[in-house]
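# Examination of the molecular architecture
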Amino acid sequence: ERDSILARPGSFNGTGYPIRGIIRNEMLYLYNFEPRRWPAGSPPYLYDVHPSPTKVEIRKLGMQNKFWEDCYGLRPNEELYNLNEDPDCMNNLSASDDYAVAKSGLKKILFEKLKREEDPRAMGRGYTFDNYLSPQADMTIARRSKNQKK
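Residues numbered from 1 in each chain as written. Predicted model: local features only at pLDDT ≥ 70, side-chain atom pairs only at ≥ 80, totals over all residues. Heavy atoms only, no water.

## Structural notes on the pattern of salt bridges
Pairs can form between side chains of opposite charge whenever their charged atoms are close. Rules: Any Lys or Arg side-chain nitrogen located within 4 Å of an Asp or Glu carboxyl oxygen qualifies as a salt bridge. Segments assigned H or I by DSSP are reported as helices when at least four residues long, segments assigned E as strands when at least two residues long, and all are numbered from the N terminus. Each residue's exposure class comes from its accessible area (1.4 Å probe, protein chains only) as a fraction of the maximum for that residue type: buried when under 20%, exposed when over 50%, partly exposed otherwise.
Overall, the coordinates contain seven salt bridges when judged by the stated rule. Between E79 and R75 there is a salt bridge, with the nearest N and O atoms lying 3.3 Å from each other. Measuring nitrogen to oxygen at the nearest pair gives 3.3 Å for the salt bridge that ties K103 to E78. Of this pair, K103 sits in helix 3 (residues 100-116) while E78 sits in strand 3 (residues 78-82); the two residues are 25 residues apart in sequence, bridging distant segments of the chain. No difference in accessibility class separates K103 from E78, as the two residues are buried. A cluster of three or more residues bridged by salt bridges with shared partners is formed by E78, K103 and K107.

## Focus: helix 3
Because each turn of an α-helix spans 3.6 residues, side chains separated by three or four positions end up pointing in the same direction. Quick note on the threshold: Here the expected length of a helix is defined as 1.5 Å per residue gap, with one fewer gap than residues. Directions are taken from the helix axis to each C-beta atom, and the arc is the one they span. The contact rule is simple, with two residues in contact once any of their heavy atoms fall within 4.5 Å.
The end-to-end C-alpha separation of helix 3 is 24 Å, in line with the 24 Å expected for 17 residues at 1.5 Å each. Along helix 3, the residues classified as buried are K103, L106, L110, F111, K113 and L114. Down the axis of helix 3, the buried side of the element spans an arc of 160°, and every buried residue falls inside it. When the buried face of helix 3 is taken as reference, the exposed residues oriented beyond 90 degrees from it are V101, K108 and R116. Of the surrounding elements, those touching the buried residues of helix 3 are strand 1 (19-24), strand 2 (27-32) and strand 3. A positive phi of about 60° marks E118, the residue just after helix 3.

## Some thoughts on the sheet that holds strand 3
We count it as follows: Any two strands between which DSSP finds at least two bridges are classified as paired. Orientation is described by lines fitted to C-alpha atoms, with helices fitted over the stretch in contact, and by angles between N-to-C directions that extend from 0 to 180 degrees.
An order of 1-2-3 is seen for the three strands of this open sheet, with the pairing classed as antiparallel. Of all strands in the sheet, those bounded by a partner on one side alone are strand 1 and strand 3. Each adjacent strand pair in this sheet contributes to an overall mean axis angle of 15°, direction not counted. As paired elements, strand 1 and strand 2 share six bridges and run antiparallel to each other. In the sheet register, R20 faces strand 2, and the bridge partner there is Y31. The sheet contacts of helix 3 involve strand 1, strand 2 and strand 3, and relative to strand 1 the element is tilted by about 120°.

## Here we look at the pairing of strand 3
Of all five residues in strand 3, five are buried, a share of seventy percent or more. Every second residue of strand 3 is oriented toward a common face, with E78, L80 and N82 on one face and E79 and Y81 on the other, all of them buried. Sheet topology places strand 2 next to strand 3; five bridges connect them, and they run antiparallel. Note that in strand 3 the partner of M27 across the bridge is N82.

Here's what the structure looks like:
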């Protein structure tokens, strides 16, 4: 039975978003290796979010709005959620003393798995992901190459 997932969200601007997470029982623990990195691309552009009516409306609210912050804001270094009580992950419990043992245990398990799998971020080589070409960059290069052959 699979009880955890290790995922690497990416970015169309070529920058990987450096969060790793694990779910055990009802708890979701997330570790952000780069809390100063914008998860949806730098404001005001938000390139990594596809156009939609929701994006338009949330952008109109501005960066000081809670909904904007929830959608596009910087993420903290650590997040912890009780999925039974908070399935939408709106109440970050990572600073709560009541959950310190759970957070510490999940962090230990997560980092053991990441090191065993030789995840570059857990090994101090997070820049590795940032050097990969993005799908958008790949398409741009292919277009240029095709146009040069004409």
